[in-house]
Amino acid sequence: MNVVIVFAILAVVLFVSAYITRRHFGLLGLALAAGSILSGIWSYDAGLVVSSVGIFPSGPITTAATLSAIVVLPAIILLFHDYAYKNPIARIIGAALFTLLALAFLVEPLGHAFVLEGKGANVYTWLQNNKDVIISIGMILAVVDLFFTKPAHLAEKRSKH
């Protein structure tokens, strides 16, 4: 399967899940960073553990899928947290930023599992070359977003008065 198709499917799934759940980008962005750190720590061992269970054969695709799951798992868990956007434009922007940041974190684990050729190689190379900038800006925006986030129970109490 082409790496561009995989990234496109991931982008749609990530965007839709963040948009539907209306979760704030700040918390999800920091969760992606935590998942990326865990993925780096467990890089080799995670693939071995999953393949030793016997459900999936050992190989680069199993390792890439395991590391990718470790990256997004903290964000998936926090999709059910209570900080939500009320404005639809903010939801679109937050979901788009979350998707872009998640794809930047997933460039390395997924790139090792696929054969890169043609336009897929160009897209992957662009993401690989710009991932540090995307992650840096994404982390800054995530922290800024957290400054503007109010807990849901405080926002409801203030709006009733």
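Residues numbered from 1 in each chain as written. Predicted model: local features only at pLDDT ≥ 70, side-chain atom pairs only at ≥ 80, totals over all residues. Heavy atoms only, no water.

Here we take up the environment of Ile 140. Along the polypeptide, Ile 140 turns up in helix α6 (residues 118–147). Judged by its relative accessible area of 55%, Ile 140 is exposed. Separated by 110 residues in sequence, Ile 140 and Leu 30 place their C-alpha atoms 9.8 Å apart. (Helix = DSSP H or I, 4+ residues; strand = E, 2+ residues; numbered from the N terminus. Buried < 20%, exposed > 50% of the residue type's maximum accessible area, 1.4 Å probe, protein only.)

Backbone geometry places Arg 22, a non-glycine residue, at a positive phi of 60°. Assignment of secondary structure puts Arg 22 in the loop between α1 (3–21) and α2 (25–41).

Let's shift gears to the environment of Pro 88. The residue Pro 88 is located in helix α5 (residues 88–111) in this model. Here the alpha-carbon distance between Pro 88 and Arg 22, two residues 66 residues apart in the chain, equals 8.6 Å.

Spanning 24 residues, α5 covers 33 Å between terminal C-alpha atoms, matching the ideal 34 Å at 1.5 Å per step. Phe 105 marks the point of greatest bend in α5, at about 40°, and the proline Pro 109 comes within the next four residues. A distance of 3.0 Å separates the backbone nitrogen of Ile 89 from a side-chain oxygen at the start of α5, and that oxygen is part of Asn 87. (Expected span 1.5 Å × (residues − 1). Bend = angle between axes of the 7 residues up to and from the residue. Polar contact = N/O pair within 3.5 Å; in protein donor to acceptor, adjacent residues only side chain to side chain.)

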